[in-house]
Amino acid sequence: MYAVVGCSECSHLWMIEGRSETTQCPRCGSRKAYERRKKFVETDDADHARDVRASMLANRQGEGEAFAKLDSFSKLERDVEDGVVDDEEYLEESGLDADELAAAGERDPRGSTDSGSKKEIVEQALADLERPTAEEVVDYAGERGVSAEYVREALEKLTRRGEVSESRGQYRRL
């Protein structure tokens, strides 16, 4: 069951699914027993409840006539379900080559074949390697173009922040 209810404190309208003992206004937070809330409609159809609430909001804004000309939410959803333009079609219609753009997006502007920031590479090393030493993290990140100096500084910062622990020269993520 669905109900469109209103708040006597702030006049907010919202939809409730089911029936609980108390309800809380999502806007002002006032809590009341469900039975004491003003119910504008109670229905088994969620779409009908959405339409009633939308109509009431439109009337409050003085747009009741314009809203009356619109279809229901469920019909609008069905209309756009298959009618949405996908990214590739949009790009092609804009005069751009979608394949060329996809290839450009895959290239790393730093010239490295691995993606990710230096920090992400250090974090990935900690995730991929089981209890690595600093040298193992340096080697992993070095293969991806990250300097040993940066790796050591990053490990120190991650340890200070409590994101990583170091014990007997081995690191692990917390």
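Here we summarise the structure given alongside this text.

**Here's the deal with helix α6 (residues 118–128)**
Part 1 of the reasoning: By the burial criterion, the buried members of α6 are I121, V122, A125 and L126. Viewed along the axis of α6, the buried residues span an arc of 140°, placing them on a single side of the element.
Part 2 of the reasoning: Buried residues along α6 sit against α7 (134–142), α8 (148–161), β6 (164–167) and β7 (170–173).

**Let's talk about the environment of K32**
Part 1 of the reasoning: Note that K32 resides in strand β4 (residues 31–33).
Part 2 of the reasoning: Between the C-alpha atoms of K32 and V52, which are 20 residues apart in sequence, the distance is 22 Å.
Part 3 of the reasoning: Excluding residues that lie within four positions of it along the chain, K32 makes contacts with S8, E9, E21, T22, T23 and R37.
Part 4 of the reasoning: Here S8 takes part through its side chain, which lies 2.3 Å from a polar atom of the side chain of K32.

**Thoughts on the sheet that holds strand β1 (residues 2–6)**
Part 1 of the reasoning: Taken together, the three strands give an open sheet; going across it, the order is β2-β1-β5, and neighbouring strands pair in antiparallel fashion. The open sheet terminates on both sides in strands that have one partner only, identified here as β2 (13–17) and β5 (38–43). Across the sheet, the mean angle separating the axes of adjacent strands is 20° when strand polarity is ignored.
Part 2 of the reasoning: Strand direction decides the pairing type here: β1 and β5, joined by five bridges, are antiparallel. Looking at β5, one finds that G6 is bridged to K38.
Part 3 of the reasoning: Taken strand by strand, helix α1 (residues 46–60) contacts β1, β2 and β5, and its axis lies near 170° from that of β2.

About the thresholds
Residues numbered from 1 in each chain as written. Predicted model: local features only at pLDDT ≥ 70, side-chain atom pairs only at ≥ 80, totals over all residues. Heavy atoms only, no water. Buried < 20%, exposed > 50% of the residue type's maximum accessible area, 1.4 Å probe, protein only. Helix = DSSP H or I, 4+ residues; strand = E, 2+ residues; numbered from the N terminus. Arc of directions from axis to C-beta. Contact = heavy atoms within 4.5 Å. Polar contact = N/O pair within 3.5 Å; in protein donor to acceptor, adjacent residues only side chain to side chain. Pairing = 2+ DSSP bridges. Axes fitted to C-alpha atoms, helices over the stretch in contact; angles between N-to-C directions.

Honestly, that's just the spatial picture; any functional story needs more than this.
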